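# Report on the structure
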Amino acid sequence: QVQLAESGGGLVRPGGSLRLSCVASRSIFAFNAMGWYRQAPGKERELVASITTGGIVNLADSATGRFTNSRDTAKDTVILQMNSLKPEDTAVYFCNADGGYLGHYWGQGTQVPVSS
């Protein structure tokens, strides 16, 4: 059983920054990719950023230029640094591990309200 533990969410003002972390219970190299998704109220879950085993980063258009996705392989951790946050970034953010044929694993989610 894979466990993903997110941390770092919380209330932030527009223009502010937050750093989300996700610690996996096993080596992140066991997965095809690690990703961050978000789900806003009344909307479908959407991909925000991902990083492959080879280190290739993919960012959604809405995140490009403001968010960065990185990893600390020694700590089996992926990090989403979010800058210049906007009210429309308000959502529950989920960590995801793509296990290929084993399926996807999800964290419990962390709330990110962006409001003044």
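Provided above is the structure to which this section pertains.
Our subject in this report is the structure included herewith. Please read these numbers as outputs of a predicted model, since none were measured by experiment.

## Overview of the sheet that holds strand S1 (residues 4-7)
Pairing is antiparallel in the open sheet, where 4 strands are placed in the order S1-S2-S7-S6. With one partner strand each, in any of the chains shown, S1 and strand S6 (67-72) form the two edges of the open sheet. Put simply, the sheet's adjacent strands are angled 15° from each other on average, direction ignored. As paired strands, S1 and strand S2 (residues 18-24) are joined by 4 bridges and run antiparallel to one another.

## A few points about the environment of Lys86
With respect to the helices and strands, Lys86 occurs in the loop between strand S7 (77-82) and strand S8 (91-98). In this structure Lys86 comes out as partly exposed when scored by relative accessible area, which is 36%. Put simply, Lys86 and Gly8 are 78 residues apart on the chain and 17 Å apart in space, counted from C-alpha to C-alpha. Lys86 has contacts with Arg66 and Val114, leaving out every residue within four places of it along the chain.

## Some points on the packing of aromatic side chains
For the coordinates displayed, the defined rule picks out 3 aromatic pairs. Here Tyr37 and Trp106 contribute two aromatic rings whose centre-to-centre distance is 5.0 Å and whose plane-to-plane angle is 65°, an arrangement assigned as edge-to-face. Here Tyr37, found in strand S3 (residues 33-39), pairs with Trp106, found in strand S9 (residues 104-106); they are 69 residues apart in sequence, far enough to count as distant. Ring centres of Phe94 and Trp106 lie 6.4 Å apart, and the angle between their planes is 90°; this geometry places the pair in the edge-to-face category. Within this pair, whereas Phe94 is found in strand S8, its partner Trp106 is found in strand S9, the two being separated by 12 residues in sequence. The buried category is assigned to Phe94, whose relative accessible area is 10%.

Definitions and cut-offs
- Residues numbered from 1 in each chain as written.
- Predicted model: local features only at pLDDT ≥ 70, side-chain atom pairs only at ≥ 80, totals over all residues.
- Heavy atoms only, no water.
- Pairing = 2+ DSSP bridges.
- Helix = DSSP H or I, 4+ residues; strand = E, 2+ residues; numbered from the N terminus.
- Axes fitted to C-alpha atoms, helices over the stretch in contact; angles between N-to-C directions.
- Buried < 20%, exposed > 50% of the residue type's maximum accessible area, 1.4 Å probe, protein only.
- Contact = heavy atoms within 4.5 Å.
- Phe/Tyr/Trp six-rings, centres within 6.5 Å; stacked < 30°, edge-to-face > 60°.

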